[in-house]
Every structure is written in C-alpha cells, then in structure tokens.
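# Observations on chain architecture
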Amino acid sequence: MQQPLVSSGRQRYSVDVQALANEDWHIVTLKDVPYPWVTILLLSAVVLSLGGLSMLLAIQAHKEEELTDQVIAGQAANHRAEKELQTSVLELESIFRASLVGLVLVRNGRIINVNRRMTEIFGFSRDEILTNDIRQFFPHRPSFRRFVQLHLSMLTLGDVEQIEYTLKKKDGTLVPCTLSGKAVDIKDLSRGTVWVIEDISKRKSEEQELERAKKVAESASIAKSAFLANMSHEIRTPMNGIIGLSNLLLRDIPDGQQREYLELIHRSAIRLMTIMNDILDFSKLEAGRFEPERLPFFLVDLLRDVVQPMEPTAKRKNIRLDYHLDPAIPSPLLGDQLKLMQVLTNLIDNSLKFTRHGYVSLRVRLQPVDTSSSSFVLFEVADTGIGISEEAHDKVFESFTQADSSHSRRFGGTGLGLSISKGLVELMGGRIWFESEPGMGTRFYFTLPLITTEISDLHPIRSNPCAPVDEHLLPSGCGKRILVAEDEYINKILIRTMLREAGYRVTVVHNGREAVEAWQGGVFDCILMDVQMPEMDGYQAVDRIRQGEPAGEHIPIIAMTAHALRGDREKCLDAGMDDYVSKPIDGIALLQLLRQYVIAPYGNGHLPQRMERTQ
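Anyway, here's the lowdown on the structure attached to this text. Owing to the predicted nature of the structure, the values given are computational and were not obtained by experimental measurement.

Scanning the protein from N- to C-terminus turns up 16 helices and 20 strands. Partitioning the intrachain contacts of the protein with sequence separation of at least 6 by distance along the chain shows that 62% fall at a separation of at least 24. Of the accessible surface of the protein, which amounts to about 35700 Å², a share of 55% is contributed by carbon and sulfur atoms.

Listed below in structure tokens is the structure:
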C-alpha cells in the first residue's frame, strides 16, 4: 500500500504510521520525499511532443483544405473560361456567318475559311471556294498578278483598306468590290491574312444613277439658261423698239393728250421691263449665276445717278427725297457699282411706293469700327411710310411676297425687289436688315466691305443708263461714220433715226457676213454689232474683223444684245468687242458710249481705253 504524502511549505514527506500496543496510540514517522523532476520532465516532454504533433496535424489539415479550395477554384475558373471561350467562339461564328460582307482567311495562297456571304456574292459553294484556286475570283491572270503586285506587298507595311477591284462570279459576271486586308502577323505573312470583301455593285449603280441625274439636271440647267437667254432676247427686242420709238416721239410731240398717252405707253414699257429684269435677276440669284464685279467707281456719282431719276416721282407725291454721303468715306471705291445701284434703287423705290407723305432719305457713312480688322460702309434708306407689322417681319425678304397681300393690289410689285436686294448684298459680302413699326416708317440698313483703290487704277466706266442726261449737251456726231449690224427691222429704224439725229452717218446691214463685207469695203469710225443674227452672228463677225485688221489699227466695236445673263458681257469682251450695251438700248447711254469711243479720241488726241474686266 502506498504511503501517504504530506507537505509542509515546499517540503514533502512520506508518512509511516505504526500502531502501538495501546490501541489509541500510533507512531507516525515522517520521511523526506525527493521532488520527481525526471517524471515531470518526461511528462512535459510527452505533452510538448503531443502538442507539436497536434499543431503539425492541424497545419497540414489546413494546407490540405486550402489546396482543395484552390483546386476547386481552379476547376471553376477553367470551367468558366471554357464556357466563355465557347461563347466567344459561338459569337464569332455567328458574326462570321451573319456578316453582310464576305470574310476570307488565306494562308499560303489557299483559302482556309470563308463565310456564307462569300458564297452569296460569288455564287460558289463553300467547298468550291475552299478546294479551288484563289485565282478563280479574278477575271484573268493579268488582273490577279496586278493585284498581287500592287496590294499584297502592302500587307507587310500595314493594313490594306477599301481598295476597289473588279472580281468575277461563278457565272463569269464581273462585280465591283471593295477589299480590305489585314495580316495575322505582318512579319510573317505565312501565318495568314484576313480579307473583307464587300459587293458595291448597288452603290455603283446608285452612283451611276446620281451621275445620270446630275447630267440631266445640268442639261436642264443649261436648257433653262438657254430659255432665259432666248426669252430675254425675244422680250427685250420688241421692248427696245417700244421704249426707243416712244422716246423719239416724245421729243417731237408737244404737250397734249397724245403726249400724255405716249408717256403712259413709255412708262408702262419701262415698268414691264423692270418686272422682267426682276424675274431674270431672281432666276440668276437662285441658280447662283450672279458674279460680282470689282471695278473702281466714285460713290458720290453713283448716289446722284440713283437719286436723280426718282426725283420726279418724289415731287409728284410731294415727298422730300434727299441723300447724304459721309465725307470720311474715301474715294474711289472698288466694287460692283451696277449691283449696288440696283440695291439702292430697289430700296428707295420701295420707300417711295409705300410713303404717302414726309420724306425718303438715303444716308451713307462708315460703320463704327469694332474689333474686326475690316471696314464697312453702312447704307441707310429711311422713310415715313406705312411701316411693317411685327408679324410680317419674317416675310420681308421672302420671294414673291409682300408684308401684306393687300399691298400687292394697292401698291403693285412682284414681291422680288427685297429678295433680290438681300441676295445681291450677301453676294457682295455684306448683310441687310431693317427696323420698322406700323405707321412709323421703315429704315433699311445694309453694309458692304470698304475696298479702296488708286485713281490711276480707274478704267473708263459706262455711265448709268438710267441717269438723266440732257441730250442737247451731248456732242454732235460730226458726220462720223457708224456701221450698224442689226437684223430686227424695228431696231434698225430706231438706231438709224437716233444716230442720224445725233449727227452721225449710218450704214445698216442685216447680219454679220454683211457687216464684215461692209467693213472691208468702207471706212467706219465705229461698229455697233448685234450678237444674235442670221447667217453669221456677231461673235463670228468680230473675229473675222479682228483677224483682218492691219497692224496698229483698231476699230471700236460695241456689242448690242438682248441677252442679259451672266457671262454675256464677258463673252463679248473676250470675243474682241470693246464695250457692251444691253437692250432695250437707252439712247442717251449709247450716245455717251459713242462720245467715248468716236468723238473723244479726236478731242484729246488718243484712243479710249478698251473697257477692262476685273479678273
């Protein structure tokens, strides 16, 4: 039996108990017991070993768990990647099959893959495309060699994009296509190239249709221009007779009822001419056939020539008409004086038409300089007329409209004047606007670029045919000989009478051939040449005359034509004529031209300059 142990402090004792004879007494013997260090150490070692082993087992189990998770995650990722790859492949295959353009993969000169669109374009089956030579798509061998030489080598430098080439279908039909190519590896073409082939036959057909439509439109435009030219000629020719002959009669008929009737005829003819000019100008603006000239002119003379013909109208309506020119504006200016006069005439005539009392005023000044480097001239036409309502402001510059339809009946007009004025101002590089209130009058403004020139740059410029000139102040013809080539009977009578009354000796011929023969057989100081004549027109006649002129000689030739479209004046000058007058011919303007080319040379000792065109 193991002896019990007792402790006292840190000391341990074994207890040995012996009984004595006296039953109530025992002998207890305490013996020192040594501390069991070895046992403790052994037990500790065992415990530590067990703990370490448990830890190692736990770590291993954790690693195995992590490895298992990684394996599972990897398997899931691989599954997803495979699924995504399958999806991408399916998508690419769908795109490949559904593509509206042909797709071809070429490797080592053989077609490896092709989509369905290629079979639709060229009529081959997929197997025929994959098994046959690539040259089956080219019309002939030279075409294939040219393609290889021109385009295949470009793949080593980059992509080939949108080249047009004609390929061949299975049935031999040629089809226009665009080809775009890309190398899988530009350093190694043997790895393959991808080609995108698009059938553009429909687009080509549309382009050809558009080209045909363009030619038809151009032909229609040419026909329209020819029609306008012929209409201009046919209308202006009788109008020339009416206006010219009424002018001659007005000089001889004294005051009375007949003169009043004749003045009505004359004014009606001029009004009809104005309407026709508006329609022609509108047609030219609409077709873009107006080209502004750049000739030098004096603004003060231009304003006087615009205002003076309108003074009788203003006087008759008891309206004050005046104009003012800012002295700060330099002179001369460079621009298209005839178109500027047309704009000012339209605006002032419009103001006079819609003004019952008060005034119409024209003011010209420099526009205040802003941050821009260009300078502009500001023109202002103000009146005290009926004004324009707010709701009609947007209609003012529209074609064939007026602010109020009742005005068309009360005041007349085609409704083209302001539309033409707007087009001309914008054509000359300016802008136009207005301010108006009903019953308070209207102010029209427009600006034009200020372009100055030197006095030495001035060429002789025709006077405005509308400007009033005292005919008695014009010099006499002094017996100078004028050759007139004109086929219209009324015009011949008119021109011959007018020139003879001015003191000229006149010879009239019927066509260009007779004009050349008369020039060759006579001596003339000037030729008035109609452009449109039978047998030989004016251009051919002038060419014959210029070719036959001796060296150092030059007879002035002035074109007379009812054509009034773009290019007519330039065509006359290029043909060798010196100047140009448009029918109906204004007698005063024609006599002024003759003074310039026939009378003036004898007064100043030199020939007049030929009128120049500004290039």
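Moving on, there is more to tell.
The grouping of Glu 390, Glu 391, Asp 394, Glu 398 and Glu 437 at the surface amounts to a negative patch. Mapped onto the elements, Glu 437 comes out in the loop between β14 (431–436) and β15 (442–449). Overall, Glu 437 belongs to the exposed group, its relative accessible area being 53%.

Applying the stated criterion across every chain, the model contains 23 salt bridges. For Lys 182, the salt bridge is made with Asp 159, and the minimal N-O distance between the two is 3.4 Å. Remark: Asp 159 occurs in the loop between α4 (141–150) and β6 (160–168) and Lys 182 occurs in strand β7 (residues 174–183); sequence separation between them is 23 residues. Owing to a relative accessible area of 40%, Asp 159 belongs among the partly exposed residues under this scheme. Here Arg 191 makes a salt bridge to Asp 185, at a shortest N to O gap of 3.6 Å. The exposure class assigned to Arg 191 is partly exposed, which follows from its relative accessible area of 45%. Residue class for Asp 185 comes out partly exposed when judged on its relative accessible area of 22%. Members of the salt-bridge network, linked through shared partners, are Glu 164, Arg 203, Lys 204 and Glu 207.

If you check which residues of helix α13 (residues 512–521) are buried, you get Gly 512, Ala 515, Val 516, Ala 518 and Trp 519. When α13 is viewed along its axis, its buried side chains cluster within an angular range of 165 degrees and face the same direction. Residues of α13 that are exposed and point more than 90 degrees away from the buried face comprise Gln 520 and Gly 521. One side-chain oxygen of the residue at the start of α13 lies 3.1 Å from the amide nitrogen of Arg 513, identifying that residue as Asn 511.

On the basis of which strands lie adjacent, the open sheet formed by five strands has the order β17-β16-β18-β19-β20 and parallel pairing. In the strand order of this sheet, the two ends are held by β17 (505–509) and β20 (579–582), each with one partner. Neighbour-to-neighbour, the strand axes of the sheet open up by a mean angle of 20 degrees, direction not taken into account. Note: strand β16 (residues 481–485) against β17, five bridges, orientation parallel. Residue pairing in the sheet places Val 484 in a bridge with Val 508 of β17. On top of the sheet, helix α12 (residues 489–501) reaches β16, β17, β18 (526–530) and β19 (557–561); it is set at about 165 degrees to β17, its chief contact. The sheet strands contacting α13 are β16, β17 and β18, and the helix crosses β16 at an angle near 160 degrees.

That bond from Ser 331 to Pro 332 is cis: its omega, 0 degrees, falls within 30 degrees of zero. Take Pro 332: it is sitting in the loop between β10 (319–325) and β11 (333–335). Notably, Asn 318 is not glycine yet its phi reads approximately 60 degrees, a positive angle. Note on placement: Asn 318 falls in the loop between α8 (311–316) and β10. Phi at Glu 535 is positive, roughly 70 degrees, even though this residue is not glycine. As for its position among the elements, Glu 535 is in the loop between β18 and α14 (538–548).

Okay, the packing of α13 against α14 next. Packing of α13 against α14 leaves a shortest axis separation of 9 Å and a crossing angle of 20 degrees. Put simply, α13 runs roughly parallel to α14. When you trace α13 past α14, the crossing you get is right-handed. On α14, the residues that touch Gly 512, Val 516 and Trp 519 of α13 are Ala 541, Arg 544, Ile 545 and Gly 548. Split into classes, the residues belonging to the contact of α13 with α14 amount to four nonpolar, two polar and one charged.

The next thing to look at is the sheet that holds strand β12 (residues 358–366). Spatially, five strands are ordered β10-β12-β13-β15-β14 in an open sheet, and the strand pairing comes out mixed. Either end of the sheet is taken by a strand with one partner, and the two such strands are β10 and β14. Strand-to-strand twist across the sheet, computed as the mean angle between neighbouring axes with direction ignored, equals 10 degrees. Bridging between β12 and strand β13 (residues 376–383) involves seven bridges; their strand directions are antiparallel. Among the inter-strand pairings, Ser 361 is bridged to a residue of β13, identified as Ala 382. Strands β14 and β15 of the sheet are contacted by helix α11 (residues 417–427), whose axis makes an angle of about 25 degrees with β15.

A full pass over the atoms with the stated rule returns ten aromatic pairs. A centroid spacing of 5.5 Å and a plane angle of 15 degrees characterise the contact between Trp 433 and Tyr 445, whose relative ring orientation is stacked. Of this pair, Trp 433 sits in strand β14 while Tyr 445 sits in strand β15, placing them twelve residues apart in sequence. A relative accessible area of 22% means that Trp 433 is categorised as partly exposed. Of the aromatic side chains, those joined through ring pairs into one cluster are Phe 138, Phe 144, Phe 147, Tyr 165 and Trp 195. When the ring centre of Trp 433 is taken as reference, the NZ or CZ atom of Arg 431 above it lies at 4.0 Å.

Scoring rules and cut-offs
Residues numbered from 1 in each chain as written. Predicted model: local features only at pLDDT ≥ 70, side-chain atom pairs only at ≥ 80, totals over all residues. Heavy atoms only, no water. Helix = DSSP H or I, 4+ residues; strand = E, 2+ residues; numbered from the N terminus. Contact = heavy atoms within 4.5 Å. Areas by Shrake-Rupley, 256 points an atom, 1.4 Å probe, with all protein chains shown as cover. Patch = residues over 30% accessible without salt bridge, like charges linked within 9 Å, V, L, I, M, F, W, Y side chains within 5 Å. Salt bridge = Lys/Arg side-chain N within 4 Å of Asp/Glu carboxyl O. Lys, Arg positive; Asp, Glu negative; His and termini not counted. Charge placed at Lys NZ, Arg CZ, Asp CG, Glu CD. Buried < 20%, exposed > 50% of the residue type's maximum accessible area, 1.4 Å probe, protein only. Arc of directions from axis to C-beta. Polar contact = N/O pair within 3.5 Å; in protein donor to acceptor, adjacent residues only side chain to side chain. Pairing = 2+ DSSP bridges. Axes fitted to C-alpha atoms, helices over the stretch in contact; angles between N-to-C directions. Parallel < 35°, antiparallel > 145°, perpendicular 65-115°, else oblique. Left-handed = near helix turned anticlockwise from the far one by under 90°. Nonpolar A, V, L, I, M, F, W, Y, C, P; charged D, E, K, R; others polar. Phe/Tyr/Trp six-rings, centres within 6.5 Å; stacked < 30°, edge-to-face > 60°. Lys NZ or Arg CZ within 6 Å of the ring centre and 35° of its normal.

Function cannot be inferred from these measures alone, as they are strictly geometric.
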